[in-house]
Amino acid sequence: MELDLKYPVKYAILELKQNGGWINNYEKITQGFIVSKCYVMDSNIKFFSDGKSEESYKVVFPFSNNPNTELSLKHIISNPNPTRAIDGTCFSSDTVSDLFDTYEEANALALKKNKELETKLVLEISIWDPFWKEKKQKTKEQFSKKMELCHEIENWILNHTSYMKISRLIDLKFIEKQIKQEQSGPVLVKKKTPPKK
């Protein structure tokens with residue numbers, strides 16, 4: 001990774017996935033959510049008829065797990081430096097709905113998402129199964145072990161991205177303003193002539 005990239009940097013939620021194998025039709029199954037720094041490449045706002053809006057961002061995470069292998073610290077891959085195609089499309093980007101200035105803010109959302117994931121896994125166990133209590137307990141234990149691994153991966157990534165300095169929200173707005181000015185061309189300002197005496 002280059003150390004002098006000028007892209008804005010934020011914290012975001014990185015979704016760790018793993019190939020589900022033939023039982024799950026080889027779909028990528030979410031294993032957990034962690035906090036990671038990322039490069040912000042694009043922002044997009046959708047407006048709706050009820051007056052609401054929805055913002056999303058294209059980001060590049062410097063590290064991620066290889067979803068085609070078992071979730072493990074040894075299968076973490078380094079993503080190439082963020083680059084764009086001739087048409088401006090960003091390679092290897094993920095879409096996220098939230099960006100954060102602090103680890104604590106991002107971690108609160110990651111914890112919430114992981115709790116929702118655990119609840120979803122537990123609810124998949126049928127209460128009509130005669131061994132549902134045992135299966136529920138086993139699912140919770142397996143999930144807890146998976147979370148330990150996710151935290152290990154998160155800590156590794158945070159240590160290896162310590163050189164990335166977070167861009168404050170004011171910096172992002174300033175950058176967006178600069179980009180808009182560059183796209184619209186130079187702004188002509190009329191010089192005020194002093195009043196005649």
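Residues numbered from 1 in each chain as written. Predicted model: local features only at pLDDT ≥ 70, side-chain atom pairs only at ≥ 80, totals over all residues. Heavy atoms only, no water.

1. Looking at the sheet that holds strand β2 (residues 28-47)
Move 1: Spatial ordering of the open sheet is given by β1-β2-β3-β6, a layout of 4 strands whose pairing is antiparallel. Each having just a single partner strand, β1 (9-19) and β6 (94-96) make up the two edges of the open sheet. Here the average twist between neighbouring strands, direction ignored, is 50 degrees.
Move 2: Strand direction decides the pairing type here: β1 and β2, joined by 11 bridges, are antiparallel. Following the sheet pairing, Lys10 is matched in β2 by Cys38.
Move 3: Against the sheet, helix α1 (residues 103-123) makes contact with β1 and β2, and its axis sits at roughly 125 degrees relative to β2, the strand it touches most.
Move 4: The strands touched by helix α2 (residues 132-160) are β1 and β2; relative to β2, the strand with the most contacts, the crossing angle is about 50 degrees. (Pairing = 2+ DSSP bridges. Helix = DSSP H or I, 4+ residues; strand = E, 2+ residues; numbered from the N terminus. Axes fitted to C-alpha atoms, helices over the stretch in contact; angles between N-to-C directions. Contact = heavy atoms within 4.5 Å.)

2. Points about α2
Move 1: In this model, α2 (29 residues) spans 42 Å end to end at C-alpha, consistent with the 42 Å of a helix rising 1.5 Å per residue.
Move 2: Those residues of α2 not exposed but buried are Thr139, Phe143, Met147, Cys150, Ile153, Glu154, Ile157 and Leu158.
Move 3: In this structure, the buried side of α2 is in contact with β1, β2, β4 (63-65), β5 (76-78) and α1. (Expected span 1.5 Å × (residues − 1). Buried < 20%, exposed > 50% of the residue type's maximum accessible area, 1.4 Å probe, protein only.)

3. Focus on the pattern of salt bridges
Move 1: Inspection of every chain in the model, using the stated rule, returns 8 salt bridges.
Move 2: Across the pair Glu118 and Lys115 runs a salt bridge, and its minimum N-O distance is 3.3 Å. Residue Glu118 and its partner Lys115 are both found in helix α1; the two are separated by 3 residues, about one turn of the helix.
Move 3: A relative accessible area of 13% means that Glu118 is categorised as buried.
Move 4: Each of Lys115, Glu118 and Lys140 takes part in salt bridges that share partners, so that together they form one network. (Salt bridge = Lys/Arg side-chain N within 4 Å of Asp/Glu carboxyl O.)

4. Concerning the packing of aromatic side chains
Move 1: Counted by the stated rule, this structure contains 3 aromatic pairs.
Move 2: Ring plane angle 65 degrees and centroid distance 6.1 Å describe the contact between Tyr7 and Tyr39, whose orientation is recorded as edge-to-face. Taken together, the residues Tyr7 in the segment before β1 and Tyr39 in strand β2 connect sequence positions 32 residues apart.
Move 3: Taking relative accessible area as the criterion, Tyr39 reaches 3% and is therefore assigned buried.
Move 4: For the ring pair Tyr11 and Tyr103, a centre distance of 6.3 Å and an interplane angle of 75 degrees mean the geometry is edge-to-face. (Phe/Tyr/Trp six-rings, centres within 6.5 Å; stacked < 30°, edge-to-face > 60°.)

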